[in-house]
Amino acid sequence: MAPTIRLSACSLFDEPLAIAMQGLGPWQQVTLWTSSWDEAGELFQACARYQVGDDGELDLARCPALPGGSFSGLEPMGLLWALQPQKPFWYMVKRDVQSPFLLQLEVFESHGEPPGRLLAQAQHKQAFLWDGVRKVPVRERRIRATLFLPPGECQLQPSCFSGTGQGLAVPGQLPALPLPWLERPELEG
């Protein structure tokens with residue numbers, strides 16, 4: 001059986017992501033790489049080294065990463081939170097919450113530098129909004145905000161909170177109105 005990655009095709013950004021592999025050799029050493037690009041086209045990467053169990057399967061929720069990668073220990077989401085920019089002092093900022101981040105996951109044979117032969121690869125989209133959520137800009141006097149409305153008709157009042165208004169995943173049927181931080185000079189008027 002050829003090695004395969006079990007990974008959902010798409011999830012919301014704040015949902016746990018289950019990553020597992022099957023069809024590997026018993027006790028095989030593998031290196032996993034994740035890559036993602038921000039909206040400016042800058043590359044972010046993370047890697048982790050693992051040893052497969054005797055059944056030829058690797059489940060990141062049950063198998064700790066070995067030392068020598070971007071992190072070590074039992075970290076099921078480590079390949080996401082450990083993403084580092086290739087450009088020094090660069091940060092991954094999401095400005096367009098209507099488009100997902102694309103993650104590339106690759107599994108390589110061995111723990112060598114450079115990694116060994118490519119065994120499997122998969123892509124995953126991390127969305128910031130549920131399907132059908134509408135983004136409505138609000139510009140009234142000194143208020144600058146974005147109203148996120150769930151699909152369909154909703155009789156609930158929006159919940160308001162302070163923040164940057166970016167990176168919001170609107171849960172289920174709840175409208176949301178994130179407001180920018182107060183005392184911003186561009187909002188004085």
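Refer to the structure above for everything that follows.
Each chain has its residues counted from 1, following the order in which its sequence is written. Selection of residues for local features in this predicted model requires a pLDDT of at least 70, selection of side-chain atom pairs for listing and counting requires 80 or more, and totals for whole chains, interfaces and linings are taken over all residues. Side-chain metrics rest on all non-hydrogen atoms present in the structure, leaving aside hydrogens and water.

Q: I would appreciate a short explanation of the overall build of the chain in the present structure.
A: Helix and strand content of the chain: one helix and 13 strands. Each helix and strand of the chain, ordered N terminal to C terminal, gives the series β-β-β-β-β-β-α-β-β-β-β-β-β-β. The buried share among the 189 residues of the chain stands at 38%. We call two residues in contact when some of their heavy atoms are within 4.5 Å. By sequence separation, contacts in the chain at least 24 residues apart represent 51% of the contacts at least 6 residues apart. Computed with the Shrake-Rupley method and a 1.4 Å probe, the accessible areas treat only the protein chains shown as cover for residues. With an accessible surface of roughly 11,200 Å², the chain has 55% of that area assigned to carbon and sulfur atoms. Here a strand is any run of E in DSSP of at least two residues, a helix any run of H or I of at least four, and the numbering for each starts at the N terminus. To sort residues, take the accessible area from a 1.4 Å probe on protein chains only and compare it with the maximum for the residue type: under 20% means buried, over 50% means exposed, and anything in between is partly exposed.

Q: For this particular structure, what's the right way to read empty space enclosed by the protein?
A: Picture a little ball the size of a water molecule; that probe, rolled over the atoms, points out where space is still empty. Points on a 1 Å grid over protein atoms alone make up a cavity when a 1.4 Å probe fits among them but cannot get out, and a pocket when they form an open set with protein on both sides within 12 Å along at least five of seven lines; lining residues each have an atom within 4 Å of a point. Grid points are joined across faces, edges and corners, and a volume is the space filled by probe spheres set on the points. Evaluation of the coordinates by the stated rule reveals two cavities of 30 Å³ or more. Estimates place the volume of the largest cavity at around 40 Å³. Lining of the largest cavity is provided by Leu7, Leu17, Ile19, Thr34, Leu80, Leu103, Gln104, Leu105 and His124. Here the lining of the largest cavity takes three residues from strand S8 (residues 101–109), the largest share from any one element. Amino acid classes used here: Ala, Val, Leu, Ile, Met, Phe, Trp, Tyr, Cys and Pro are nonpolar; Asp, Glu, Lys and Arg are charged; the rest, including Gly, are polar. Here the residues of the lining of the largest cavity are counted per class, giving six nonpolar, three polar and no charged. Of the voids in this model, the second largest cavity is the one considered here, and its volume is about 30 Å³.

Q: Whenever I open this one, the sheet that holds strand S1 (residues 4–6) confuses me. Can you help?
A: Whether parallel or antiparallel, the strands of a sheet pair through hydrogen bonds between backbone atoms. Here, strands pair whenever DSSP counts at least two bridges between them. Pairing within the open sheet is antiparallel, and its three strands lie in the order S1-S3-S6. At either margin of the open sheet sits one strand with a lone partner, and together these are S1 and strand S6 (58–59).

Q: Sorry, what's going on with the side chain of glutamine 28 here?
A: For glutamine 28, the position within the fold is in the loop between strand S3 (20–22) and strand S4 (29–37). Not counting residues within four places of it along the chain, the set of residues in contact with glutamine 28 comprises Tyr50, Gln51, Val52, Glu109 and Leu119.

Q: Sorry if this is basic, but what is going on with the pattern of salt bridges here?
A: Oppositely charged side chains can pair when the atoms bearing their charge come close. Any Lys or Arg side-chain nitrogen found within 4 Å of a carboxyl oxygen on Asp or Glu counts as a salt bridge. On inspection of all chains with the given rule, the structure shows six salt bridges. As a salt-bridge pair, lysine 94 and glutamate 39 come within 3.0 Å of each other at their nearest N and O atoms. Remark: glutamate 39 occurs in the loop between S4 and strand S5 (43–51) and lysine 94 occurs in the loop between strand S7 (84–85) and S8; sequence separation between them is 55 residues. The exposure class of lysine 94 is buried, given its relative accessible area of 7%.

Q: Is there a simple way to think about the sheet that holds S7 in this case?
A: The six strands lie next to each other as S2-S9-S8-S4-S5-S7, forming an open sheet whose pairing is mixed. The sheet is open, and its two edges are formed by strand S2 (10–12) and S7, each paired on a single side. Across three bridges, S2 lies against strand S9 (residues 118–127) in parallel orientation. From the neighbouring strand, cysteine 10 faces S9, where its bridge partner is lysine 125.

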